[in-house]
Amino acid sequence: MKTAFIVLDIMFAIGMLLALLTALPKIVNYLKGCFGGRQKPLPKAQKKHRFAIIIPARNESAVIGKLLDSLDAQTFGPDHGDVFIAVERADDPTCRIAGDFGAEVYFKKNFDKTGKGYVLEEVVDHIFKNRADRNYEAFMIIDADNILEPDYIEKLNDALDAGFDIAVGYRNSKNWNDGWIAADTGLTFTRFSRFSNFGKASKGHTVLLTGTCYYVKTDIVRAHGGWKWHSLTEDVELTTVAAINGYKTTYVESAVFYDEQPTNLKASVAQRKRWVKGFFNNSNKYGESLYAGIKKGSKSDRASCLEAALGAAPMMLFAIFFAFYTIGNAYLAIKYFNTPVAFGALYRILAAWGAYFMGLYADTATILFVERKNINMSFPRKVEAVLMRPLYSMLYLPIALSALTHRVEWVPIEHKVNTVGGKEDKK
């Protein structure tokens, strides 16, 4: 039986090595997030550019008021941008709130297609056809449940003035303390911001857009014939398109916005199933273009395409070989029950899973420590977030299997948190 153990150990080592090699760009960005200090501010803009702010807001009357308050409080000023709020029905209370604010309300027309990307396409087409005289220089996409720091648009205006085609800020959470699901989901976005985009921006690589509070230059949208990113993860699709085309992107660490995270398992699973399905769809759609981009262009453009092409490969390789190693040893433990062979197999299973748990614990604790000034989470909740992280991560395996074998559609998530700090303030 020593041969079986040797084969399993060698295959497991090979799998972990492959996962490590494909994860090298992520590891570099992670270390940059840990030890890279704070981002150097961009030069102050020489002018105020014009933004068209688009807010998809179907049935979002419970939260959109706080977003509009934060827009009203922007240091950027109200004369250099217009707000377009997209709804589906005239009896949606969101319409009244938008009207009181002075935003233009757009009513969705095509109900045959669902998803944020199609709504954005309609609003963008409307602006091109009916508001061309406003000369918007960029479209800014904001979700209705967001709250912006007062200088958010001013900071992104600095990025636009510096010549960046696409920019996004730091995604913080509104409800860190609303359960372990909300906490661990919030930490996911902290990882994307500080431990991914921070490093990517420092090297001039394409930053990852995560759904909201980013701008895209109008000229880029027009060059593509409008908003043509309709996948379940239109943000990842746009990120991929930016990498392929060599668009200049950046992450602005000092521009902070707050976003609500799901608090129950059903909503979290639905959200992550959409993410996984969208990722696979984008890989199929843009795979050849990404591989072509790896062979041409500047060094940073090639690196951006490589990062986008690798995507979730490290996690997938890890999951496949880890599962194979666990199942193989479990088979030996059952077949040779109550023998030294079984004990050896059980030892290997416990050692592998123990290392996995300890790695996730260490990773979560590191994120909490490095970003402690930005994470408004109570100590008991931090302990819970660390302890529950393995379960949160392991759920991706059944989620991915379900996403691959079932049809996935856009499922709205109810929003209700109106404060920054983790306490619900229901209207």
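Above this text sits the structure in question.
Summary of the structure given here. (Residues numbered from 1 in each chain as written. Predicted model: local features only at pLDDT ≥ 70, side-chain atom pairs only at ≥ 80, totals over all residues. Heavy atoms only, no water.)

## Structural notes on the overall build of the protein
Next, step 1: Along the backbone of the protein there are 15 helices and eight strands.
Next, step 2: Relative to the compact-globule value of 22 Å for 427 residues, the protein shows a C-alpha radius of gyration of 23 Å, a close match.
Next, step 3: In terms of overall dimensions, the protein has a C-alpha envelope of 80 × 50 × 45 Å along the principal axes.
Next, step 4: Counting every position in the protein, which comprises 427 residues, the buried fraction comes to 51%.
Next, step 5: Within the protein, contacts between residues separated by at least 24 positions form 80% of all contacts whose residues are at least 6 apart in sequence.
Next, step 6: For the protein, the exposed area adds up to about 19900 Å²; of that, 61% sits on carbon and sulfur atoms.
Next, step 7: When the 53 positive and 44 negative side-chain charges of the protein are each reduced to one mean point, those points stand 7 Å apart. (Helix = DSSP H or I, 4+ residues; strand = E, 2+ residues; numbered from the N terminus. Rg over C-alpha atoms; globule rule 2.2 N^0.38 Å. Buried < 20%, exposed > 50% of the residue type's maximum accessible area, 1.4 Å probe, protein only. Contact = heavy atoms within 4.5 Å. Areas by Shrake-Rupley, 256 points an atom, 1.4 Å probe, with all protein chains shown as cover. Lys, Arg positive; Asp, Glu negative; His and termini not counted. Charge placed at Lys NZ, Arg CZ, Asp CG, Glu CD.)

## Here's the deal with unusual backbone geometry
Most peptide bonds take the trans configuration, and most residues that are not glycine carry a negative phi.
Next, step 1: A positive phi angle, close to 55°, is found at Asn135, a residue other than glycine.
Next, step 2: Along the chain, Asn135 falls in the loop between α5 (116-130) and β4 (138-141).
Next, step 3: The phi dihedral of Cys213 falls on the positive side, at around 60°, and the residue is not glycine.
Next, step 4: Here Cys213 lies in the loop between α7 (180-203) and β7 (214-217).
Next, step 5: The buried category is assigned to Cys213, whose relative accessible area is 0%.

## Let's talk about the pattern of salt bridges
Next, step 1: Tallied over the entire structure, the rule returns 24 salt bridges.
Next, step 2: With a closest N to O distance of 3.9 Å, Lys47 and Glu137 form a salt bridge. Of this pair, Lys47 sits in the loop between α2 (24-35) and β1 (51-56) while Glu137 sits in the loop between α5 and β4, and the two are 90 residues apart along the sequence.
Next, step 3: Classification of Lys47 by relative accessible area gives partly exposed; the value is 43%.
Next, step 4: A relative accessible area of 28% means that Glu137 is categorised as partly exposed.
Next, step 5: Among the charged side chains, a network of salt bridges with common partners joins Arg38, Arg194, Glu253 and Glu371. (Salt bridge = Lys/Arg side-chain N within 4 Å of Asp/Glu carboxyl O.)

## Description of the packing of aromatic side chains
Next, step 1: This model, assessed by the stated rule, comprises 21 aromatic pairs.
Next, step 2: Look at Phe322 and Trp353: their rings are 4.9 Å apart centre to centre, the planes differ by 80°, and that puts the pair in the edge-to-face class. With Phe322 in helix α12 (residues 313-335) and Trp353 in helix α13 (residues 340-370), the pair connects residues that are 31 residues apart, well separated along the chain.
Next, step 3: With relative accessibility at 6%, the residue Phe322 sits in the buried group.
Next, step 4: Among the aromatic residues, ring-to-ring pairing joins Phe12, Phe318, Phe322, Tyr325, Trp353, Tyr356, Phe357 and Tyr361 into one connected group.
Next, step 5: Lys48 extends its terminal NZ or CZ atom over the ring of Phe76, reaching a point 5.4 Å from the ring centre. (Phe/Tyr/Trp six-rings, centres within 6.5 Å; stacked < 30°, edge-to-face > 60°. Lys NZ or Arg CZ within 6 Å of the ring centre and 35° of its normal.)

## As for the environment of Gly15
Next, step 1: Examined against the element boundaries, Gly15 turns out to sit in helix α1 (residues 2-22).
Next, step 2: Relative accessible area serves as the criterion here: at 0%, Gly15 is assigned to the buried category.
Next, step 3: Sequence separation between Gly15 and Leu317 is 302 residues; the distance between their C-alpha atoms is 6.5 Å.

## Quick look at the packing of helix α14 (residues 379-394) against helix α15 (residues 396-405)
Next, step 1: Their axes nearest at 5 Å, the elements α14 and α15 cross at an angle of 15°. For the element pair α14 / α15, the angle class is roughly parallel. Packed against α14, whose contacting residues are Tyr392, Ser393 and Met394, the element α15 presents Tyr396, Leu397 and Pro398 at the interface. (Axes fitted to C-alpha atoms, helices over the stretch in contact; angles between N-to-C directions. Parallel < 35°, antiparallel > 145°, perpendicular 65-115°, else oblique.)

## Side note on helix α9 (residues 234-245)
Next, step 1: The terminal C-alpha atoms of α9 lie 16 Å apart, and with 12 residues this matches the ideal 16 Å at 1.5 Å per residue to within 8%.
Next, step 2: Within α9, nine of the 12 residues are buried, which leaves the element mostly enclosed by the surrounding structure.
Next, step 3: Every buried residue of α9 is accounted for by Glu234, Asp235, Glu237, Leu238, Thr239, Thr240, Val241, Ala242 and Ala243.
Next, step 4: Looking at the buried residues of α9, the elements they touch are α5, β6 (166-173), β7, β8 (249-259), α10 (265-294) and α11 (299-310).
Next, step 5: Backbone geometry just downstream of α9 places Gly246 in the positive-phi region, at approximately 70°. (Expected span 1.5 Å × (residues − 1).)

## Structural notes on the sheet that holds β7
Next, step 1: Spatial strand order, β3-β2-β1-β4-β7-β6-β8-β5: eight strands in an open sheet with mixed pairing. Each having just a single partner strand, β3 (104-107) and β5 (147-148) make up the two edges of the open sheet.
Next, step 2: For β1 and strand β2 (residues 81-87), the ladder comprises six bridges, and the chain directions are parallel. Along β2, the bridge assignment pairs Phe51 with Gly81.
Next, step 3: Together, β1, β2, β3 and β4 form the strand contacts of α5, whose direction differs from that of β1 by roughly 145°.
Next, step 4: Each of β6, β7 and β8 is contacted by α9, which is oriented at about 45° to β7, the strand it contacts most. (Pairing = 2+ DSSP bridges.)

## Concerning the nonpolar core
Generally speaking, nonpolar side chains in soluble globular proteins are found buried as a group.
Next, step 1: Counting 35 residues, the largest nonpolar core has Ile54, Val123, Ile127, Tyr214, Val216, Trp227 and Leu238 as its most contacted members.
Next, step 2: In terms of residue count, the dominant contributor to this core is α5 (five residues).
Next, step 3: With 33 residues, the next largest nonpolar core counts Ile55, Ala103, Leu148 and Ala255 among its residues. (Core = buried A, V, L, I, M, F, W, Y, C linked by side-chain atoms within 4.5 Å.)

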